[in-house]
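Notes for the structure review
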Amino acid sequence: MIYMDNSATTRLCDCAKEKIISALDCYGNPSSRHSLGIEAKKLIGEARDNVAYSLGLKKGYAHKIVFTSCGTEANNLAIFGSVYSKDRKRGNKIITTNSEHPSVENAMQRLQKDGYEVIRLSTVGGKLDIEEFRRHMDKSVILVSVMTVNNETGAVYDIGNIFSEAKKINPDVVTHTDAVQGYLKVKMDIGRLSADLVSISAHKIHGPKGVGALCIAPDIIKTKKIIPHIVGGGQENGLRSGTENLLGMVGFGAAAKAGFETFDSKREKLLELRHICEEQIVLAGAKINTPTGERAPHIISVALPRIKSETMLNFLSGKGICVSAGSACSSHSQHISSSLVGFGLSGEEADSTIRVSLCEYNTENEIKQLGEILGLGIQMLIKFKR
Ligand code: PLP
């Protein structure tokens, strides 16, 4: 089997596996005062520090890392938690983009129903238009939420610029980035980013499923610009109640630390693999939907010639190759991908697009096989009417 669907999820790395196995017997509740509880709490503290370290935060960091059940929950906490915090009034504006993940877009739709005005910036070619942003940004904007890397095209959005402009115009605004696809794939300096809230997820970086985190800037906590979305026993600094997923957290911490320490070599390898992969894809008779600006090293959006993505997916799957059509997270809906349409593709083009997403475990040989089988698939399937 050739696995090239790493934007959907990744396999568990060895260090995360080992850490989870070693913590299996630590069944104490981290809130308990006895030795088993204290041991569990210590492991969670270690995991939290590892995640903070992976985000470039230094020892004694003042940010809060709040563990959640996934990236989706981190996005929900960031959006609803900040918008519904006190002093954030209905009727105020929120700025986002037209190509966010459903965990952001659907939250925005709910806020619109609730009376907030939501502005969606265009993302043609994977680029944000700073002038369009400036036209909308004013003192009534309470939240700016822009993803770091688009999950379908790999486009890197210039959040640094957008967020610092936003803060200049309204220092009170909350800035959020869904960094699920950018985390440990593109360089992010949390300290210098002007991002108040950063969502990440473990299973995209070779950690376990069922755990994510929201990184919260110190000022947001101090000024109480976020309230919990899940209430209860007050775990996670009162921002995400519920007995902690200790095994998930320790696995996340281990994968995060390893991912951070090997960032440069992995990135280099991914860029090399992506280059070879794109050559093979073009040779096979497909095109690449290439973002105009900076791109993440692991995502390739492939435009097929007049073949439905689903047909090609089934063909490749039958040959043991796993890729996806757009985002796996939105495959439950029948809609044409808004990310791809936002990128500038027609509905038909979007419906003929597959996503190949790599990780450092992929090999040149696997990529050559993908090229050969994709070429075969194109020759066979193009004969049939769409
Ligand atoms: N945000 C983006 C950009 C994603 O690609 C995904 C998942 O694919 C998510 C959020 C959701 O993350 P999770 O699967 O951890 O809920």
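Model, not experiment: these values are computed from the prediction.

1. Comments concerning the pattern of salt bridges
- Considering all chains together, one arrives at 17 salt bridges under this definition.
- Residue Lys168 is joined to Glu165 by a salt bridge in which the shortest nitrogen-to-oxygen separation is 3.8 Å. Taken together, the residues span about one helical turn, with Lys168 and Glu165 both in helix α6 (residues 159-169) at a distance of three residues.
- Classification of Lys168 as exposed rests on a relative accessible area of 65%.
- Notably, a salt bridge pairs Asp264 with Lys187, separated by 3.2 Å at the nearest N-O pair. Linking Asp264 in helix α9 (residues 263-284) with Lys187 in the loop between β6 (174-178) and β7 (197-201), this pair joins segments that are 77 residues apart in sequence.
- Judged by its relative accessible area of 64%, Lys187 falls in the exposed class.
- Each of Glu131, Arg134, Glu165 and Lys168 takes part in one network of salt bridges that share partners.

2. As for the packing of helix α2 (residues 35-54) against helix α8 (residues 246-261)
- For the pair α2 and α8, the least separation of the axes is 8 Å and the interaxial angle reads 30°. Judged on the interaxial angle alone, α8 and α2 are roughly parallel. In the crossing of α2 with α8, the sense of the turn from one axis to the other is left-handed. Note on element contacts: α8 touches α2 through Leu246, Met249, Val250, Phe252, Gly253, Ala254, Ala256, Lys257, Phe260 and Glu261, opposite Ala40, Leu43, Ile44, Ala47, Asn50, Val51, Tyr53 and Ser54.
- The residue inventory of the contact of α2 with α8, partitioned by class, reads 13 nonpolar, three polar and two charged.

3. Thoughts on the sheet that holds strand β10 (residues 299-303)
- Read from one edge to the other, the open sheet built from three strands follows the order β9-β10-β12, with strand pairing classed as antiparallel. Either end of the sheet is taken by a strand with one partner, and the two such strands are β9 (287-288) and β12 (353-357).
- Sheet analysis places β9 next to β10, joined by two bridges and oriented antiparallel. Within β10, the residue paired with Ile288 across the bridge is Val302.
- Contacting β9, β10 and β12, α9 runs over the sheet at an angle of about 5° to β10.

4. Remarks on α6
- By the burial criterion, the buried members of α6 are Ile159, Ile162, Phe163, Glu165 and Ala166. For α6, the angular spread of the buried residues around the axis is 160°, confining them to a single face.
- Buried positions along α6 lie against α5 (130-136), β5 (141-145) and β6.

5. Quick look at the state of the cysteines
- What the rule picks out here adds up to zero disulfides.
- Cys15 carries a free sulfur, and the closest cysteine sulfur to it, the one in Cys13, is 3.4 Å from it.
- Free of any disulfide, Cys26 has its nearest neighbouring cysteine sulfur in Cys15, separated by 19 Å.
- What makes Cys26 buried here is its relative accessible area of 8%.

6. Considering the nonpolar core
- Among the nonpolar cores identified, the biggest contains 57 residues, and Val51, Leu55, Phe67, Val144, Tyr183, Ile200 and Phe252 are the most heavily contacted of them.
- Those residues within four positions of Tyr183 in sequence are excluded, and the remaining contacts are Val51, Ser54, Leu55, Met188, Ile200, Ser201, Ile205, Phe252 and Ala256.
- Ranked by size, the runner-up nonpolar core spans 29 residues in total, among them Val323, Val356, Leu374 and Leu381.

7. Details of the confidence of the model for the chain
- On average, residues of the chain score 95 in pLDDT, and 96% of them reach the 70 mark or higher.
- Here residues 327-331 scores under 50 on pLDDT; set against residues more than four positions off or in separate chains, the count is 10 contacts.

8. Points about the side chain of Asn50
- Within the fold, Asn50 resides in helix α2.
- Owing to a relative accessible area of 18%, Asn50 belongs among the buried residues under this scheme.
- Beyond its immediate stretch of four places on either side in the chain, Asn50 contacts Gly253, Ala254, Ala256 and Lys257.

9. A word on the sheet that holds strand β3 (residues 93-97)
- Spatial ordering of the open sheet is given by β2-β8-β7-β6-β5-β3-β4, a layout of seven strands whose pairing is mixed. Every other strand in the sheet has two partners, leaving β2 (64-68) and β4 (117-121) as the edge strands with one partner each. Each strand axis lies, on average, 20° off the axis of its neighbour in the sheet, ignoring direction.
- Taken together, the three bridges between β6 and β7 define a ladder with parallel strand orientation. Residue Thr177 lies in a different strand from β7, and its bridge partner there is Val198.
- Against the sheet, α6 makes contact with β5 and β6, and its axis sits at roughly 165° relative to β6, the strand it touches most.

Criteria and thresholds
Residues numbered from 1 in each chain as written. Predicted model: local features only at pLDDT ≥ 70, side-chain atom pairs only at ≥ 80, totals over all residues. Heavy atoms only, no water. Salt bridge = Lys/Arg side-chain N within 4 Å of Asp/Glu carboxyl O. Helix = DSSP H or I, 4+ residues; strand = E, 2+ residues; numbered from the N terminus. Buried < 20%, exposed > 50% of the residue type's maximum accessible area, 1.4 Å probe, protein only. Axes fitted to C-alpha atoms, helices over the stretch in contact; angles between N-to-C directions. Parallel < 35°, antiparallel > 145°, perpendicular 65-115°, else oblique. Left-handed = near helix turned anticlockwise from the far one by under 90°. Contact = heavy atoms within 4.5 Å. Nonpolar A, V, L, I, M, F, W, Y, C, P; charged D, E, K, R; others polar. Pairing = 2+ DSSP bridges. Arc of directions from axis to C-beta. Disulfide = S-S within 2.5 Å. Core = buried A, V, L, I, M, F, W, Y, C linked by side-chain atoms within 4.5 Å. pLDDT = per-residue confidence, 0-100.

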